[in-house]
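# Chain and residue survey
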Amino acid sequence: MPAWFDAFTDAIASGDQQYLVCETCGHGTLPPRQLCPACGSTELTQEPLSERGEILSFTEISVTIPKFHGETPYTVVLAELDEGVSLTGQLRDATPDDIAIGDKVVLGTEPHDNETALITFQQAED
Ligand SMILES: [Zn+2]
């Protein structure tokens, strides 16, 4: 995984994940960006990113790349965090039958192999 991803999952693990906010238009995005994808501004500042979001879509994966063999089936969730930033991660402690679009989820991370970590989502408690 690229260095920015490892840095991002490390930050999630310690609870100080951040995102980039465009000072020109307010669009939120994730590192590594040099330009706002919405308006092209280079005035991006880092702000704390919450760990709570909402499911936009999800899909169950039964056939995957070798890296994830032995883990299927698993569910990948696309969630929008409260700041409007979208992220994909693996669903934990639930199956596709347990979740619905719009459900609240909590961002997390876990080690995947010796080299990198995964982004995960769990259903929010409340
Ligand atoms: Zn912008």
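Remember, it's a predicted structure, so these values are computed and weren't measured experimentally. (Residues numbered from 1 in each chain as written. Predicted model: local features only at pLDDT ≥ 70, side-chain atom pairs only at ≥ 80, totals over all residues. Heavy atoms only, no water.)

Time to look at the nonpolar core. Counting residues in each nonpolar core, the largest one holds 20 residues, and the members touching the most others are L87, I119 and F121. Counting residues per element, the ones that place at least two in this core are helix 1 (3-14), strand 1 (18-22), strand 5 (74-81), strand 6 (86-92), strand 7 (104-111) and strand 8 (117-123). If near-sequence neighbours (up to four positions away) are discounted, I119 is found in contact with F5, F8, T9, I12, L87, T88, G89, Q90, L107, G108 and T109. (Core = buried A, V, L, I, M, F, W, Y, C linked by side-chain atoms within 4.5 Å. Buried < 20%, exposed > 50% of the residue type's maximum accessible area, 1.4 Å probe, protein only. Helix = DSSP H or I, 4+ residues; strand = E, 2+ residues; numbered from the N terminus. Contact = heavy atoms within 4.5 Å.)

Here the focus is the sheet that holds strand 2 (residues 28-29). Strands sit in the order 2-1-3 across an open sheet of three strands; the sheet is antiparallel. Sheet topology places strand 2 and strand 3 (44-48) at the edges, where each strand pairs with a single neighbour. One ladder, built from five bridges, connects strand 1 with strand 3; its direction is antiparallel. When the sheet's bridge partners are listed, Y19 is paired in strand 3 with E47. (Pairing = 2+ DSSP bridges.)

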